[in-house]
Amino acid sequence: TLQFNRRSLAEMTAIIHFLRERKGSESFVYNNFAPFNNDKLYICQQFSSPFTFYDNFSLSASFEEVAA
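Conventions we followed
- Starting from 1, residues in each chain are numbered consecutively following that chain's sequence as written.
- Note on the predicted model: pLDDT of at least 70 is required for a residue's local features to be given, and 80 or more for side-chain atom pairs to be given and counted; whole-chain, interface and lining totals, by contrast, use all residues.
- With hydrogens and water stripped out, all remaining heavy atoms of the structure feed into the side-chain values.
- Patch members must show over 30% relative accessible area and no salt bridge, and they are joined within 9 Å when carrying like charges or within 5 Å when they are nonpolar side chains of Val, Leu, Ile, Met, Phe, Trp or Tyr.
- Methods summary: accessible areas were calculated by the Shrake-Rupley approach with a probe of 1.4 Å, and residue burial reflects only the protein chains presented.
- Each salt bridge in this description consists of a side-chain nitrogen of Lys or Arg and a carboxyl oxygen of Asp or Glu lying within 4 Å of one another.
- Comment: elements are numbered from the N terminus, with helices defined as DSSP H or I runs of at least four residues and strands as E runs of at least two.
- Partly exposed residues are those whose accessible area sits between 20% and 50% of the maximum for their type, while under 20% is buried and over 50% is exposed, using a 1.4 Å probe and protein chains only.
- Here a helix's expected span is defined as the number of its residues, less one, multiplied by 1.5 Å.
- This arc describes the spread of directions from the helix axis toward the C-beta atoms.
- Here, two residues are considered to be in contact whenever any of their heavy atoms come within 4.5 Å of each other.
- Two kinds of site are reported from a 1 Å grid over the protein atoms alone, namely cavities, where a 1.4 Å probe fits but cannot get out, and pockets, open sets with protein on both sides within 12 Å along at least five of seven lines, and residues are called lining when an atom falls within 4 Å of a point.
- Grid points are joined across faces, edges and corners, and a volume is the space filled by probe spheres set on the points.

## Quick notes on a nonpolar patch on the surface
So, point 1. Nonpolar side chains collect at one region of the surface, where Phe51, Phe53 and Tyr54 lie side by side and expose about 440 Å² of accessible area between them.
So, point 2. Locating phenylalanine 53 in the fold gives a position in strand S4 (residues 51-53).

What follows is the structure, encoded as structure tokens:
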């Protein structure tokens, strides 16, 4: 589970658009960089984005690793 906190409306719109376009079933690559520096495939079936206050949004998302 990841938290994206204190994000602007533009950032939150982009994140939610990315997740919705994959509809919880299309995987995407995430590279966790140093010190591991390896690509893994993930899906996100659950996320929520409660409104905090003007231009300050948060998002909680649960990611699952899937086989390549």
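## Details of the pattern of salt bridges
So, point 1. Scanning the model with the defined rule gives one salt bridge in all.
So, point 2. One salt bridge in this structure joins glutamate 11 and arginine 7, with 3.7 Å as the shortest N-O distance.
So, point 3. On the accessibility criterion, arginine 7 (26% relative accessible area) is partly exposed.

## Here we look at helix H1 (residues 9-21)
Residue pairs spaced three or four apart in an α-helix point in one direction, given the helix's 3.6 residues per turn.
So, point 1. In this model H1 runs 18 Å from its N-terminal to its C-terminal C-alpha over 13 residues, within 8% of the 18 Å that 1.5 Å per residue would give.
So, point 2. When H1 is considered as a whole, its buried residues turn out to be Met12, Ile16 and Leu19. All buried residues of H1 fall inside an arc of 65 degrees around its axis, so they share one side.
So, point 3. Structurally, H1 contributes buried residues whose contacts are with strand S1 (2-7), strand S3 (39-48) and strand S5 (56-66).
So, point 4. Of the residues trailing H1, lysine 23 is marked for its positive phi of about 50 degrees.

## Focus: the layout of surface pockets
So, point 1. Looking at the largest pocket, its volume works out to about 270 Å³.
So, point 2. Lining the largest pocket are Thr1, Leu2, Phe4, Ala14, Ile15, Phe18, Leu19, Phe28, Tyr30, Tyr42 and Phe63.
So, point 3. Within the residue set of the lining of the largest pocket, elements represented by two or more residues are S1, H1 and strand S2 (28-31).
So, point 4. Per-element tally for the lining of the largest pocket: the top contributor is H1, with four residues.

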